[in-house]
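Now for the letters of each chain:
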Amino acid sequence: MARLLLGVSGGIAAYKSLEFARLATLAGHGVRVLMTPNAERFVGAASFEGIVGAPVLTSEFERDPMRGAFPGEPEEGGHDPIGHLELVANCDAFLVAPASANTVAKLAGGFADSMLTTSFLACTAPRLIAPAMNDRMYADAATQANLATLRERGVEVIEPDEGPLASRGEHGRGRLPDPERLLAAVEALLAGEASRPAAGETAAIETALPDLDAGPEQPDTGTDPLPPGEPGPWDGMRVIVTAGGTREPIDAVRFIGNRSSGRMGMALAAAAARRGAEVTLVAANVALPEPAGVKRIDVETTGELAHETIERFETQHVLLMAAAPADFRTEPVTGKIKRQDSLNLNLQPTEDILAAIAVQKGDNQTVVGFAAEHGGEAIDRARAKLTRKGADMIVLNDVSDPRIGFESVENEVTLVTAADEELVPRASKDAVADAILDRVDRLRAAPQSTI
Ligand code: CTP
């Protein structure tokens, strides 16, 4: 995935950056951390080092023991580079979170008095800052002018949330957003960069992503790059994966949609590609970069998702239907509907893509559906769905658990087949994707017992 530089400045919200570093690392990114001297008064460098597996740097005069490399990459031997220049040259994005009022002012003024500020100045990769401070400091004209200056220079400012502040009894705008939102903002920016290649260059993200086809798979972790040229266990297999959530337009600006981020589908596409399969990804409104070697088709509505998926299914061995299609559509109004006392939408059900595909599947084809169910009797409902839709397996997500599903980088699922149920305990979406593919392997080895 990507190489992220995380700058942490001095503020109480620095504790949330630890969680950001954990989530980003779990999601497969290589993270290096730069702290201002004041940040170390709030959280310890040792905590970041333990999470990301690389030394933290504070002073611009410090020697980087990793010589500008990111976790998981080989270190350059021999030459001892200038720390801040090497790190920013290697990173795909630089996020400062939290960005205190003092650090925002320094960045806007072009100061270079610490490893963080010096690196920020030298960084040509996409830069984001997440200001977090007391609401009066945030609202002050000086801070707002500094943020406006940074925005003008192309820095993405992730707006702080409104809510209770660290100072007792105070409430206002100034809270650092949740780490999940910070990661989504970084990934969305990277995805945007990836789809916007500069003249004469390939997209920035392509250089950031490891070649996931570059070797055989390791079923247990599924994440390690392996030697090139080795055959994978899914060589010759064709897999179609759907991801994200469809949107049904209501008028020129509004739509019916859902919260699916597409992360699970992306992890499945990456896992299948690692096994050597030829993977087609049909992505509905997904703001994440696709894994290397995967063919991506972008769609918006359930109708488009149905068209692109059904048309291709005949030639595929496996369908992993991880997308969350909107179940209803309406005839969109031209222009923008004006505010009014009430609005009735005539909602019509959309096509059930999974059911339509399952009825036409051949002996050598495996169809996997996903079900997001809420709380008790979830397994019974998933089993009913398995039969109703004619799928070979339903991957059940209990969305009543806030730690998993939707925007989270972790998941916990139960794999429901006609033969049995298997719990895949809470783990990264990459690890869960591998467990799903392992179960598909076993289903395909004994199709008569489950179809
Ligand atoms: N699905 C589909 N077409 C739709 C809706 C859902 O192919 N129009 C697929 C999803 O991609 C998923 C599976 O069906 O793999 C189950 O989705 P879910 O939303 O749980 O099923 P619904 O049929 O919408 O059932 P309900 O909302 O009644 O739970």
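Not measured: the values here are computed from a predicted model.

Here we look at the pattern of salt bridges
- Under the criterion given, the structure shown has 25 salt bridges.
- Taking the shortest distance from any N to any O, the salt bridge between aspartate 64 and arginine 32 comes out at 2.9 Å. Of this pair, aspartate 64 sits in the loop between α2 (45-52) and α3 (83-90) while arginine 32 sits in strand β2 (residues 30-35); the two residues are 32 residues apart in sequence, bridging distant segments of the chain. A single burial state applies to aspartate 64 and to arginine 32, both of which are buried.

A closer look at helix α7 (residues 141-152)
- Compared with the 16 Å implied by 1.5 Å per residue over twelve residues, the 16 Å span of α7 between its first and last C-alpha is a close match.
- Within the span of α7, buried status applies to Thr143, Asn146, Leu147 and Leu150. Within α7, the buried residues cover an arc of 100 degrees as seen down the axis, which keeps them to one side. Exposed residues pointing more than 90 degrees away from the buried face of α7 are listed as Ala141 and Glu152.
- Residues of α7 that are buried in the fold lie against α4 (101-109), α5 (115-122), β4 (127-131), α6 (135-139) and β5 (156-157).
- A side-chain oxygen of the first residue of α7 lies 2.8 Å from the backbone nitrogen of alanine 142; this N-cap is aspartate 140.
- Positive backbone phi, approximately 90 degrees, marks glycine 154, located one or two places after α7.

A short note on the sheet that holds strand β13 (residues 318-321)
- If you trace the eight strands from one edge of the open sheet to the other, you get β12-β11-β8-β13-β16-β17-β18-β19, paired in mixed fashion. Where the open sheet ends on each side, the last strands, each with one partner, are β12 (295-299) and β19 (421-428). Within this sheet the neighbouring strands show an average axis-to-axis angle of 20 degrees, counted without direction.
- As paired elements, strand β11 (residues 278-284) and β12 share five bridges and run parallel to each other. Bridge pairing in β12 links leucine 281 to arginine 296.
- Together, β16 (366-373), β17 (393-398), β18 (410-417) and β19 form the strand contacts of helix α13 (residues 378-389), whose direction differs from that of β17 by roughly 150 degrees.
- In the packing of helix α14 (residues 429-445) onto the sheet, the strands contacted are β13, β16, β17, β18 and β19, and the crossing angle to β19 comes to about 155 degrees.

Re the site of the ligand
- Residues in close proximity to the ligand total 14 residues, the closest being Met321, Ala323, Leu354, Lys385 and Lys389.
- Taking phenylalanine 370, its main chain carries an N or O atom lying 2.8 Å from an oxygen atom of the ligand.
- Note that an oxygen atom of the ligand is positioned 2.6 Å from one of the side-chain N or O atoms of lysine 389.
- For the shell around the ligand, the secondary-structure elements that each account for two or more residues are α12 (353-358), β16 and α13.
- When its residues are assigned to classes, the shell around the ligand shows seven nonpolar, two polar and five charged.

How each quantity is defined
Residues numbered from 1 in each chain as written. Predicted model: local features only at pLDDT ≥ 70, side-chain atom pairs only at ≥ 80, totals over all residues. Heavy atoms only, no water. Salt bridge = Lys/Arg side-chain N within 4 Å of Asp/Glu carboxyl O. Helix = DSSP H or I, 4+ residues; strand = E, 2+ residues; numbered from the N terminus. Buried < 20%, exposed > 50% of the residue type's maximum accessible area, 1.4 Å probe, protein only. Expected span 1.5 Å × (residues − 1). Arc of directions from axis to C-beta. Contact = heavy atoms within 4.5 Å. Polar contact = N/O pair within 3.5 Å; in protein donor to acceptor, adjacent residues only side chain to side chain. Pairing = 2+ DSSP bridges. Axes fitted to C-alpha atoms, helices over the stretch in contact; angles between N-to-C directions. Near = heavy atom within 4 Å. Nonpolar A, V, L, I, M, F, W, Y, C, P; charged D, E, K, R; others polar.

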